[in-house]
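Residue strings, one per chain:
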Amino acid sequence: MLSTVKQRADYTFKFNRTLGRHGWLRLTPAYGVKLVEKILASVERDAIILDPFSGTATTGLVAAEHGNQAVTFDINPFLVWLGNAKCRNYCEDCLINIRKGVQQALKEYKSLVEQDNWIPQIFNIERWWSSYTLKCIAALRTALVNQFGETEENKLYDLVWIAFCRLIIETSSASFNHVSMSFNETTTHFEIEYIEELFVTILGFVLSSAEQHIQGKAKVIKTDSRNIVELNNIKVDQVITSPPYPNRMSYIRELRPYMYWTKFLDEAKEAGEIDWMAIGGTWGIATSRLTSWQVQEWKLPEDIFLVAERIQTSKGKNAALLAVYVLKYFHDMHLHLSSLRHILKNGAELHYIVGNSTFFGNMVDTSALISKSMQMLGYSEIHSKIIRKRNCKKALYEYCVSAAWSDS
DNA sequence: AGGAAGGAAGCCAGGTCCGC
DNA sequence: GCGGACCTGGCTTCCTTCCT
């Protein structure tokens, strides 16, 4: 049966690239617009949608485009900023002001290149950009700050910084388009004029898609989804989300260039701290903190402890560490599913897009384990459906776990 | 037609920093 | 100057899709 399941490139970010706002900035682990559209197709226009793991705000944006009202959560401040910028409507005057401001900034840009401009404290920055490219980018950033202020100072100018983020990725020697981020052997030397042209092209793309009016409304709120607080008495009808997978993928690792240049990150230490607050991941200090991590909630499905035990007793240098990692992942997901219950409307539906993993050859059946947590927490009509083959190891697939909630 | 690129992976090793 | 903690990214992997 599994052998007939296809990879479905149309369910990945690749498909999102050409869809206006959805293609602005890529986060490697992003799910497909199509998947959300499919689920939303049968949802009423007045339904309130929730995505507790917003990421690049795919769910929120699709829901708003569909005419629904959506609330989404993320713990990473950069993703909260990006999501809100993606889902907002921009008036005509605002777009005109941006075009004028950028024209002014570009007049100043070239004269700033040889000046001592601010650059971020990103580790080994010379691996990301050649020294000359870096000078040009830093000059452009200074010119843009002179016109628009720093990143979070004025919401109306968020689009400028989204275009700038796109520019730094396109000129960097990091390849974000493989299973995990890596660097090319050499950095490319871009000319001063080329950087300007590229920025103008990117900005044009961003502004033209920002012109499209969005019918519904979506808002990203900085929230830890393990500890959800009341939403001003709003209760949700549909939860559509793709939580992090138990695969040790670090969001910070991929987001570093954006977050440093927009000043959401100042130094390496903070990256580890942010990863530690998230579910999954592990970058920097977050990895070593696993060794002293303690279970807070022992009332979990037994299978979660069994999987961790299997990994722990398998051969592998970091078997003990990764056993804790997997245990913590499902522990935290359980806390999330528990905390979620008090903001669900009677009859609410859940759709969780999840992926399985392997550690030292041990299969971690995420959809089954999440289903067990849902069962223990009183959800009903729990069923899991396979969606696609993932583009990596042989045994890895993506699933949709659905459930319903009824007050009793 | 055939090679190259690309994609929600894990796993490991090597460099650096800092207290002793 | 030693050793452990902390940071960082390189290496195989395996199928599909893209590109020449």
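Conventions used here
Residues numbered from 1 in each chain as written. Chains lettered and ligands numbered in written order. Predicted model: local features only at pLDDT ≥ 70, side-chain atom pairs only at ≥ 80, totals over all residues. Heavy atoms only, no water. Pairing = 2+ DSSP bridges. Helix = DSSP H or I, 4+ residues; strand = E, 2+ residues; numbered from the N terminus. Buried < 20%, exposed > 50% of the residue type's maximum accessible area, 1.4 Å probe, protein only. Contact = heavy atoms within 4.5 Å. Domains from an automatic or database assignment. Buried area = accessible area lost by both parts, 1.4 Å probe. Axes fitted to C-alpha atoms, helices over the stretch in contact; angles between N-to-C directions. Salt bridge = Lys/Arg side-chain N within 4 Å of Asp/Glu carboxyl O. Core = buried A, V, L, I, M, F, W, Y, C linked by side-chain atoms within 4.5 Å.

## Description of the pairing of strand 7 (residues 344-355)
Working step 1: Bridge count for strand 6 (residues 236-241) against strand 7 is 5 bridges, and the pairing is parallel. Note on strand 7: the bridge partner recorded for V239 is L350.
Working step 2: As paired strands, strand 7 and strand 11 (residues 397-405) are joined by 8 bridges and run antiparallel to one another. Considered in strand 11, the bridge of A348 is made with W405.

## Side note on helix 10 (residues 251-261)
Working step 1: With respect to burial, helix 10 is a largely interior element, 9 of its 11 residues being buried.
Working step 2: Residues of helix 10 that are buried include every one of I252, E254, L255, R256, P257, Y258, M259, Y260 and W261, and no others.

## A few points about the side chain of K328
Working step 1: Tracing the sequence through the fold places K328 in helix 14 (residues 319-340).
Working step 2: According to the relative accessible area criterion, K328 is buried, its value standing at 8%.
Working step 3: The contact partners of K328, leaving out residues within four places of it in the chain, are R226, W276, A278, L290 and W293.

## As for the domain arrangement of chain A
Working step 1: Per the domain assignment, the segments of chain A are domain 1 (2-88 + 216-405) and domain 2 (92-210).
Working step 2: The C-alpha centroid of domain 2 is placed 30 Å from the C-alpha centroid of domain 1.
Working step 3: Each partner contributes to the interface: domain 1 provides 27 residues, whereas domain 2 provides 34 residues.
Working step 4: Both sides together, the interface formed by domain 1 and domain 2 hides about 2,800 Å², and carbon and sulfur atoms give 67% of it.

## Some words on the sheet that holds strand 7
Working step 1: Taken in spatial order, the 7 strands line up as 5-2-1-6-7-11-10 in an open sheet, and their pairing is mixed. With partners counted over all chains shown, the strands left at the sheet margins are strand 5 (217-222) and strand 10 (380-389), one partner each. Averaged over all pairs of adjacent strands, the angle between strand axes in this sheet comes to 15°, irrespective of strand direction.
Working step 2: Relative to the sheet, helix 2 (residues 33-40) contacts strand 1 (48-51), strand 6, strand 7, strand 10 and strand 11, its axis offset from that of strand 6 by approximately 155°.

## Considering the pattern of salt bridges
Working step 1: Enumeration over the complete set of coordinates arrives at 14 salt bridges.
Working step 2: Measuring nitrogen to oxygen at the nearest pair gives 3.1 Å for the salt bridge that ties R141 to E150.
Working step 3: A residue is classified by how much of its surface remains accessible, and E150, at 22% relative accessible area, is partly exposed.
Working step 4: A salt bridge links K345 to D237, with the nearest nitrogen and oxygen atoms 3.2 Å apart. In this pair, K345 is assigned in strand 7 and D237 in strand 6, connecting sequence segments 108 residues apart.
Working step 5: For D237, a relative accessible area of 19% gives the class buried.
Working step 6: Connected through salt bridges with shared partners, the residues D224, R226, K328 and D332 form a single ionic network.

## Here's the deal with the nonpolar core
Working step 1: Counting residues in hydrophobic clusters, the biggest one holds 66 residues, and the most contacted among them are F78, Y109, L144 and F164.
Working step 2: Broken down by secondary-structure element, the contributors of at least two residues to this core are helix 4 (77-87), helix 5 (92-112), helix 6 (125-128), helix 7 (131-148), helix 8 (158-171), helix 9 (192-210), helix 10 and helix 11 (268-277).
Working step 3: Looking at which domains feed residues into this core, each of domain 1 (2-88 + 216-405) and domain 2 (92-210) supplies at least three.
Working step 4: What L144 contacts, discounting residues up to four positions off in sequence, is V102, A105, G149, V160, W161, F164 and F199.
Working step 5: Listed in part, the 49 residues of the second largest apolar core include L231, V295, I304 and M374.

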